[in-house]
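Residues per chain, in single letters:
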Amino acid sequence: MSAMLKSVRGGDAPPRHFLELMDLEPAVLRRMLDVAGRAKRGELAGKPLAGKSIALIFEKPSTRTRVSFEVGIRQLGGDVVVLSTKDMQLGRGETPADTAKVLSRYVDAIMLRTDNVQKIRELAKHATVPVINGLTDVSHPCQLMADVMTFEEHRGPIAGQVVAWTGDGNNVAQSFIQAAARFGFTLRLATPPELAPPAELIAWARAQGAKVELTQDPIAAVRDARCVVTDSWVSMSDEREGRAESRHNLLAPYQLNTSLLKHAAPDAIVMHCLPAHRGEEITDEVMDGPQSVVFDEAENRLHAQKGVLLWALGLA
Ligand code: CP
Ligand code: NVA
């Protein structure tokens, strides 16, 4: 990067990566959500991303992440380059490190969706511009920013509230654990033992003072919860590894249906990051029912990511 560009981007300060919620202080995450709220209310002045170019790289399919980032960046006045790894040299063996060094000469930030968290870590290590995690096999922090925003819009401050997860201890569940530590809510996860989230992540969250409870009983998890969350039984990284079949048997008792939801608080909201597999992890009745906020949640990806982007670029 030229000296001139460096000075424009704030000298030699390390880039503000958005990789995992656990890497960031609660106050920083709160600031992003404040900006997200202002973005949603139309209170952001001008085109703060004018003159900025952002690369969005997808190694896996996406509807919400792709469209919300692309539209959000354009609404803020920025340019966007959307890439699939299969069309990039990254997809045929160029290293994440070399890719990071090259893209840092062209763009002001990089968002990556990958099926291997090591790739985004490597990319971030070598990029001189911010790298944003658009989902890995073990995390989905942008989703959690939208989820916390959505909860608070509907039910007020999330700190001290009980959120229940039923289903697979997957990437989204793992970001929920990080979010419980960062935003101060109690998280009860019901998963089959084989699909429980990593013990070291739970230990990390508890060491941070987070209230994270694990059970195999979905009724115990959702009891009196203000929010019940689930996600697909077969994540994209599981399809690749051919682990789909046995998951259906393991996860059937964890379905989010009306009889399970009855055990939650009467005003509990229902969230799902989508895409949903209706009739599997969630029934139509719940997904389309009065407690579901799943489409607000999807919309909030657009607003929450504006908060993330403006923070990452040092503009908020
Ligand atoms: N929730 C989510 O990340 O959706 P997409 O896979 O469509 O981006
Ligand atoms: N757990 C899902 C989330 C999709 C947004 C997956 O990784 O496929």
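Here is what the cut-offs are and how they apply
- Residues numbered from 1 in each chain as written.
- Chains lettered and ligands numbered in written order.
- Predicted model: local features only at pLDDT ≥ 70, side-chain atom pairs only at ≥ 80, totals over all residues.
- Heavy atoms only, no water.
- Core = buried A, V, L, I, M, F, W, Y, C linked by side-chain atoms within 4.5 Å.
- Buried < 20%, exposed > 50% of the residue type's maximum accessible area, 1.4 Å probe, protein only.
- Helix = DSSP H or I, 4+ residues; strand = E, 2+ residues; numbered from the N terminus.
- Contact = heavy atoms within 4.5 Å.
- Axes fitted to C-alpha atoms, helices over the stretch in contact; angles between N-to-C directions.
- Parallel < 35°, antiparallel > 145°, perpendicular 65-115°, else oblique.
- Left-handed = near helix turned anticlockwise from the far one by under 90°.
- Nonpolar A, V, L, I, M, F, W, Y, C, P; charged D, E, K, R; others polar.
- 1 Å grid on protein atoms, 1.4 Å probe; cavity = no way out; pocket = protein on both sides within 12 Å on 5 of 7 lines; lining within 4 Å.
- Points joined across faces, edges and corners; volume = space filled by probe spheres on them.
- Pairing = 2+ DSSP bridges.

## Quick look at the nonpolar core
- Counting 60 residues, the largest nonpolar core has Phe 18, Met 32, Ile 132, Met 145, Phe 176, Phe 183 and Phe 185 as its most contacted members.
- When residues of this core are assigned to their parent elements, the largest contribution, 8 residues, is made by helix 7 (residues 171-183).
- Those residues within four positions of Phe 176 in sequence are excluded, and the remaining contacts are Leu 144, Asp 147, Val 163, Trp 165, Phe 185, Leu 187 and Val 229.
- Membership of the second largest hydrophobic core comes to 17 residues, among which are Val 117, Leu 123, Val 129 and Val 131.

## What about the packing of helix 4 (residues 96-106) against helix 5 (residues 117-126)?
- Running from amino to carboxyl end, helix 4 crosses helix 5 at an angle of 45 degrees, the nearest separation of the two axes being 8 Å. Our classification of the angle between helix 4 and helix 5 gives oblique. Between helix 4 and helix 5 lies a crossing whose hand is right-handed. Each of Pro 96, Ala 97, Thr 99, Ala 100 and Lys 101 in helix 4 lies in contact with helix 5, whose residues at this interface are Lys 119, Glu 122, Leu 123 and His 126.
- When the residues that make up the contact of helix 4 with helix 5 are grouped by side-chain class, the tally is 4 nonpolar, 2 polar and 3 charged.

## Regarding the packing of helix 6 (residues 141-155) against helix 14 (residues 294-312)
- Across the interface, helix 6 lies against helix 14 with an axial gap of 8 Å and an inter-helix angle of 115 degrees. It follows that helix 6 is roughly perpendicular to helix 14 by the angle criterion. Crossing geometry of helix 6 relative to helix 14 is assigned as right-handed. Contacts between helix 6 and helix 14 pair Cys 142, Gln 143, Met 145, Ala 146, Asp 147, Met 149, Thr 150, Glu 153 and His 154 from the former with Asp 296, Glu 297, Asn 300, Arg 301, His 303, Ala 304, Gln 305 and Val 308 from the latter.
- Of the residues assigned to the contact of helix 6 with helix 14, the class counts are 6 nonpolar, 6 polar and 5 charged.

## Digging into the layout of surface pockets
- Of the pockets and cavities examined, the second largest pocket occupies roughly 330 Å³.
- As for the second largest pocket, its lining consists of 22 residues, of which Arg 113, Leu 135, Met 236, Leu 274 and Pro 275 are closest to the centre.
- Taken together, the elements giving at least two residues each to the lining of the second largest pocket come down to helix 3 (64-75), helix 7 and helix 10 (236-240).
- When its residues are assigned to classes, the lining of the second largest pocket shows 8 nonpolar, 9 polar and 5 charged.

## What about the environment of Glu 70?
- When you line up the elements, Glu 70 lands in helix 3.
- According to the relative accessible area criterion, Glu 70 is buried, its value standing at 16%.
- Considered as a pair, Glu 70 and Glu 297 are 227 residues apart in the sequence and their alpha carbons are 17 Å apart.
- Contacts of Glu 70, omitting those with residues within four sequence positions, involve Leu 56, Val 80 and Val 82.

## Here we look at the sheet that holds strand 5 (residues 162-166)
- Judged by pairing direction, the sheet is parallel, and its 5 strands sit side by side in the order 7-6-5-8-9 without closing on themselves. Every other strand in the sheet has two partners, leaving strand 7 (212-215) and strand 9 (269-272) as the edge strands with one partner each. When the angles between neighbouring strand axes are averaged without regard to direction, this sheet yields 20 degrees.
- Looking at chain direction, strand 8 (residues 227-230) and strand 9 are connected through 4 bridges and run parallel.

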